[in-house]
Amino acid sequence: MEFRHLRYFLVLAEELHFGRAARRLSISQPPLSLNIQQLEASVGARLFTRNSKQVALTAAGQAFVPAARALLEQAAQAASHARDVGQGMAGSLAIGFAGTMLYSGLPKILERFQARHPLLRLMLKELSSSEQLMELAQDRLDLGFVHTTRVPPELSEILVARQAFVCCLPAGHALARKRTLSLPQLQGEPFAVVSRTVSPDYHERIMAICTEAGFYPEIRYELRHWLSVVSLVSQGMGVALVPAALQQSAMAGAAFVPLQQATTPYDTHCLWKTSRDNPALAAFVSAVRAASNPPRGNAR
């Protein structure tokens, strides 16, 4: 049974006249008769009764009409879906992100992309940078937003954002009302950080920033998420150096004060496997590149 047989059958079922059906199909009557015979042989039942005066559907033919229509509609939908996937208009993408991306432009990227690609399903997973690298390597993520300089050579990257570190203090802290503060003023304070196992790059960066300022930070709390760090500080339990984007969290009880010293910026990179041939991924990468800040972010 072929889709051609189904199309011919449905036109004949509507016309109940071989001549008119053949004209609608832009073929002659003999090929139409042959195709109907082939379909009946495939189904194993007579679908039409015909004589010199009329053509009529048999009971089997009447029962076959809705099934034939459904088969053709499913085939058309399958072809349309495959075409959309092939053009990057449908399908799904698994996207990893570090928590600060919620304050660094990711929601806007997603909103604009989804408006242009409503049939694409975006599945988001909040993961640490190291977890994302593992998921990308094992093809469990299509794309990730990470904070790391340790990018494997098989991945392509876009610099999405570059931001400074600021000091996060309890709102009632003596330094919280200052316009800026110097790093040595934090010496002796209990620090809250994202743990080394979750974000080794960030952990090493905080150590380096403080030691360059002449002191070793007293790490009292190691947490898994940035918002947990800010929340702990807001409860008056310590201080932290955090990416400037977290000021947008507007968490009650937390104050953010810029640093007087310039520090190595906190970079966000969008990563994906260079070898992945996925039109939807290519479309999303284009959207990220268009929205990246700074726009000159290098891609390789």
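As a starting point, this report considers the structure included with it.

Conventions used here
Residues numbered from 1 in each chain as written. Predicted model: local features only at pLDDT ≥ 70, side-chain atom pairs only at ≥ 80, totals over all residues. Heavy atoms only, no water. Axes fitted to C-alpha atoms, helices over the stretch in contact; angles between N-to-C directions. Helix = DSSP H or I, 4+ residues; strand = E, 2+ residues; numbered from the N terminus. Parallel < 35°, antiparallel > 145°, perpendicular 65-115°, else oblique. Contact = heavy atoms within 4.5 Å. Nonpolar A, V, L, I, M, F, W, Y, C, P; charged D, E, K, R; others polar. Patch = residues over 30% accessible without salt bridge, like charges linked within 9 Å, V, L, I, M, F, W, Y side chains within 5 Å. Areas by Shrake-Rupley, 256 points an atom, 1.4 Å probe, with all protein chains shown as cover. Salt bridge = Lys/Arg side-chain N within 4 Å of Asp/Glu carboxyl O. Buried < 20%, exposed > 50% of the residue type's maximum accessible area, 1.4 Å probe, protein only.

## Overview of the packing of helix α2 (residues 18-25) against helix α3 (residues 29-43)
Phase 1 of the analysis: Running from N to C, α2 and α3 point in directions that differ by 100 degrees, and their axes come no closer than 9 Å. Considering their axes alone, α2 and α3 lie roughly perpendicular with respect to each other. Residue-level inspection shows F18, G19, A21, A22 and L25 of α2 in contact with α3, the latter providing Q29, L32 and S33.
Phase 2 of the analysis: The class makeup of the residues in the contact of α2 with α3 is five nonpolar, three polar and no charged.

## Considerations on the side chain of N35
Phase 1 of the analysis: Structurally, N35 is set in helix α3.
Phase 2 of the analysis: Non-local contacts of N35, meaning those with residues more than four positions away in its chain, are made with R4, H5 and Y8.

## A look at a nonpolar patch on the surface
Phase 1 of the analysis: Together, M1, V43 and L71 make up a nonpolar patch on the protein surface, roughly 240 Å² of accessible area in all.
Phase 2 of the analysis: Mapped onto the elements of the fold, V43 is located in helix α3.
Phase 3 of the analysis: By relative accessible area, which is 34% here, V43 ends up partly exposed.

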